[in-house]
Amino acid sequence: MRVIWTPQALQDRVDIWDYIAANNPNAAARMDELFSDAAARLLAHPKLGRTGKIQGTRELFPHESYRLVYEVNGETVWLLALVHTARQWPPVAG
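Because the structure is predicted, anything quoted here is derived from the model rather than measured.

Concerning the sheet that holds strand 2 (residues 50-51)
Sheet architecture is open: five strands sit in the order 1-5-4-3-2, paired in mixed fashion. In this open sheet, the two edge strands, each paired with only one partner strand, are strand 1 (2-5) and strand 2. Both strand 2 and strand 3 (residues 58-63) contribute to a ladder of two bridges, which runs antiparallel. Looking across to strand 3, one finds that T51 is bridged to R58.

Topic: unusual backbone geometry
With the exception of glycine, most residues fall at negative phi, and the peptide bonds are largely trans. Cis geometry marks the peptide bond from W89 to P90, where omega comes out at 0 degrees. Following the sequence through the fold, P90 ends up in the segment after strand 5 (76-84).

Describing the nonpolar core
Counting residues in hydrophobic clusters, the biggest one holds 19 residues, and the most contacted among them are W5 and L79. Beyond its immediate chain neighbours, meaning those up to four positions away, L79 contacts V3, I4, W5, T6, A9, A39, L42, L68, V69 and Y70.

Reading guide: rules and limits
- Residues numbered from 1 in each chain as written.
- Predicted model: local features only at pLDDT ≥ 70, side-chain atom pairs only at ≥ 80, totals over all residues.
- Heavy atoms only, no water.
- Pairing = 2+ DSSP bridges.
- Helix = DSSP H or I, 4+ residues; strand = E, 2+ residues; numbered from the N terminus.
- Core = buried A, V, L, I, M, F, W, Y, C linked by side-chain atoms within 4.5 Å.
- Buried < 20%, exposed > 50% of the residue type's maximum accessible area, 1.4 Å probe, protein only.
- Contact = heavy atoms within 4.5 Å.

Put into structure tokens, the structure is as follows:
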């Protein structure tokens, strides 16, 4: 099993880092570690999260404020998005 961060999920992660680090770099590092730990847990337990709101996806909450959206395809876990729980998910098409 392997875990791959898609470009969108990586950008989400960077944006979260930048937002938190602007006020508290230590908190940003701790939050990012939670994201890394969650991704690592999916290596051994890809069905760890709950069924996602988008068909074919699953969702894991590495922190009460963040949703990690992923899909399992064969031996690969694709991390698709990292979204703050206060944001609309799935996004509204428009």
